[in-house]
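Residues per chain are reported as follows:
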Amino acid sequence: VNSAKRERVVSKIVWALRMLGLENLDPSSMDFKIAVQKVAYLLQAIEGIDLGIEFRWLSRGPYSRYLANLYGVIAKKLVDGELVLEEDMIKLRNLIMRVQEAVPIKDKVLLLEMISSLAMMCRDVYPSPQDPVAELAKRKPYFDRVAVVKIWRILSDLGICSSSVS
């Protein structure tokens, strides 16, 4: 694997995790792994940063095996407090702020899972579901449907989702 690509991917994920206040997650926890996967997906899908990572749908939404091999490196960079190249990532920051205002869920990792899963359902699942909210409700019944509809509206406003919702 290209080390320059790896360094760029790690750096951007670390910066985004810090921006979202997720730098203190236990690196051995499932929450850490979910946060890394979802942040990377959103950096590509929402922020438009091409990290060259392929994602596929798994039970918790967007997943990349490539990223699974980087958990240790990402955790070390977070713990070391090593400075990384900062970028504004204004689209991602604005999306997260809008969702947090609309959806009163304190669990940021769950919010990331909801946002990234719905965005993937709208953009990167084939065949594309006619009603991404209903499809997500089938696949993830533990998601709050009202919250998912609010997130869908925000993603629609941003041009990420365009299908209708029942």
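It should be emphasised that the depicted structure is a prediction, and the values quoted were computed from it without experimental measurement.

*Asks:* What should I look at first to understand helix H7 (residues 132-139) in this one?
*Replies:* Note on helix geometry: an α-helix contains 3.6 residues per turn, so any two residues three or four positions apart are oriented the same way. Residues of H7 that are buried include every one of Pro132, Val133, Glu135 and Leu136, and no others. The buried side chains of H7 occupy one side of the element, clustering within an arc of 160° when seen end-on. Tucked inside the fold, the buried residues of H7 contact strand E1 (56-58), helix H6 (108-123) and helix H8 (145-157). Structurally, the start of H7 carries an N-cap: the backbone nitrogen of Val133 is 3.2 Å from a side-chain oxygen of Asp131.

*Asks:* I tried to follow the pattern of salt bridges on my own but got confused; where do I start?
*Replies:* It is possible for side chains bearing opposite charge to pair when their charged atoms get close. Evaluated as defined, the whole model comprises eight salt bridges. Between Asp80 and Lys76 there is a salt bridge, and its shortest N-O distance comes to 2.8 Å. Residue Asp80 and its partner Lys76 are located together in helix H4 (residues 71-80), separated by four residues, close to a single helical turn. For Asp80, a relative accessible area of 44% puts it in the partly exposed group. Between Lys140 and Glu113 there is a salt bridge, and its shortest N-O distance comes to 2.7 Å. Taken together, the positions of Lys140 in the loop between H7 and H8 and Glu113 in helix H6 put the pair 27 residues apart, joining distant regions of the chain. Ionic contacts of the salt-bridge type, sharing partners, join the residues Arg60, Glu113 and Lys140 into one network.

Definitions and cut-offs
- Residues numbered from 1 in each chain as written.
- Predicted model: local features only at pLDDT ≥ 70, side-chain atom pairs only at ≥ 80, totals over all residues.
- Heavy atoms only, no water.
- Buried < 20%, exposed > 50% of the residue type's maximum accessible area, 1.4 Å probe, protein only.
- Helix = DSSP H or I, 4+ residues; strand = E, 2+ residues; numbered from the N terminus.
- Arc of directions from axis to C-beta.
- Contact = heavy atoms within 4.5 Å.
- Polar contact = N/O pair within 3.5 Å; in protein donor to acceptor, adjacent residues only side chain to side chain.
- Salt bridge = Lys/Arg side-chain N within 4 Å of Asp/Glu carboxyl O.

Purely geometric stuff here, so don't read any function into it on its own.
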